[in-house]
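Given next are the chains, with one letter for each unit.
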Amino acid sequence: MASSNSKSTNETARKIFKIILTNPRITVSWVKAHAGNIGNERADQLTKDATQHGQPYSLIKLPKPHIKGLLRKRMFEEWRTSWKNGDTGRKIYNIMPSVSLRPTNWIREDVIFFSQHGPFPAYLKRFHLSDSDFCSCGGIGTTLHYATECIYTVSWHMREPAPNFEQEWLKRVANNLVSGHKIRGIIKFMSENRYLFRPP
C-alpha cells in the first residue's frame with residue numbers, strides 16, 4: 001500500500017503517511033473487497049462516482065517558465081479588458097486605446113498634459129480645488145488653452161485643432177517629437193510659475 005510506504009514519491013500517499021504518522025490512534029489494515037464492510041463499500045462507491053463523474057486530476061508538474069507564460073497571458077488579458085471597459089483614465093485611453101508591454105517614452109510632464117490632471121484651473125475647479133476655471137489671462141484654463149492660445153505660454157504654442165477634432169489632435173501631438181518638447185516646456189513652465197496662472 002503506497003500510503004504506508006514512507007519512501008513513496010506519490011504526493012497524496014506521502015500526505016496520508018504523514019497523517020498516519022502523527023495520529024497513532026489511526027491504524028491501516030487490509031480489508032477483503034466486497035465482503036460487506038460498510039466503510040469499504042462506501043469507499044468503492046465514492047471511487048466509482050469519481051471515475052464516472054469527477055474531474056480528471058493530474059499530478060503532472062508543469063515547468064515554471066510554462067506556468068509564468070500562462071499567468072502572464074492571463075494577467076495581460078485581464079489588463080486589456082479592464083482598460084477597455086474601465087471608467088477611469090479615459091483621456092489617456094482615447095490616445096492609447098490598447099495596452100502594451102512595450103514601455104512608452106512618456107515622462108511626468110507628458111502624463112500631466114494628456115491626463116489633464118495638473119496645475120490647470122479647469123482641472124482644479126472640477127475637483128473643487130479652486131473657485132474658478134479661468135486662467136489669469138482671461139481664458140478657460142484647459143490644456144488646449146495653454147498649448148494654443150495663452151499669452152504666458154506663447155513660446156510653446158502649436159496650431160489649434162479644428163472644432164470637434166481635439167481628440168485626433170491630441171493623438172497626433174502625442175506621437176510627434178517636436179510637439180512633445182513643447183508640451184514638456186509648457187508643463188515645466190507652469191509648475192515653476194504657478195502664481196502666473198491663478199485666476200484674476
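As recorded in an unreviewed UniProt entry, the chain goes by the name RNase H type-1 domain-containing protein, listed as coming from Araneus ventricosus.

A.B. asks: Would you mind going over the packing of helix α5 (residues 108-115) against helix α9 (residues 177-192) in detail, with residue names and values included?
C.D. replies: Their axes nearest at 9 Å, the elements α5 and α9 cross at an angle of 85°. Compared by their axis directions, α5 and α9 come out roughly perpendicular. Along the contact surface, α5 presents E109, D110, I112, F113 and F114, while α9 presents G180, I183, R184, I187 and K188. Along the lines of polarity and charge, the residues of the contact of α5 with α9 split into five nonpolar, one polar and four charged.

A.B. asks: Mind laying out the environment of P121, listing which residues take part and the relevant values?
C.D. replies: Within the element layout of this structure, P121 appears in helix α6 (residues 121-126). For P121, a relative accessible area of 4% corresponds to the buried category. Residues P121 and T143, 22 residues apart in the sequence, show an inter-C-alpha distance of 9.4 Å.

A.B. asks: Residues and numbers for the packing of aromatic side chains, please.
C.D. replies: Applying the stated criterion across every chain yields a total of ten aromatic pairs. A centroid spacing of 5.4 Å and a plane angle of 85° characterise the contact between Y146 and F197, whose relative ring orientation is edge-to-face. In this pair, Y146 sits in helix α7 (residues 143-148) while F197 sits in the segment after α9, placing the two residues 51 residues apart along the sequence. Exposure class is identical for Y146 and F197. Each is buried. With a centroid separation of 5.3 Å and 45° between ring planes, the pair formed by W156 and F189 is classed as tilted. A residue pair is termed long-range when its members are at least 10 positions apart, and W156 in the loop between α7 and α8 (166-174) and F189 in helix α9 qualify at 33 residues. Since its relative accessible area comes to 23%, W156 is described here as partly exposed. Of the residues examined, F189 reaches a relative accessible area of 22% and is grouped as partly exposed.

A.B. asks: Would you mind going over the environment of L124 in detail, with residue names and values included?
C.D. replies: One can find L124 in helix α6. In sequence terms L124 and G141 are 17 residues apart; their C-alpha atoms lie 9.4 Å from each other. The contacts of L124, once residues within four sequence positions are left out, are G118, P119, L129 and S130.

Rules behind the numbers
- Residues numbered from 1 in each chain as written.
- Predicted model: local features only at pLDDT ≥ 70, side-chain atom pairs only at ≥ 80, totals over all residues.
- Heavy atoms only, no water.
- Axes fitted to C-alpha atoms, helices over the stretch in contact; angles between N-to-C directions.
- Helix = DSSP H or I, 4+ residues; strand = E, 2+ residues; numbered from the N terminus.
- Parallel < 35°, antiparallel > 145°, perpendicular 65-115°, else oblique.
- Contact = heavy atoms within 4.5 Å.
- Nonpolar A, V, L, I, M, F, W, Y, C, P; charged D, E, K, R; others polar.
- Buried < 20%, exposed > 50% of the residue type's maximum accessible area, 1.4 Å probe, protein only.
- Phe/Tyr/Trp six-rings, centres within 6.5 Å; stacked < 30°, edge-to-face > 60°.

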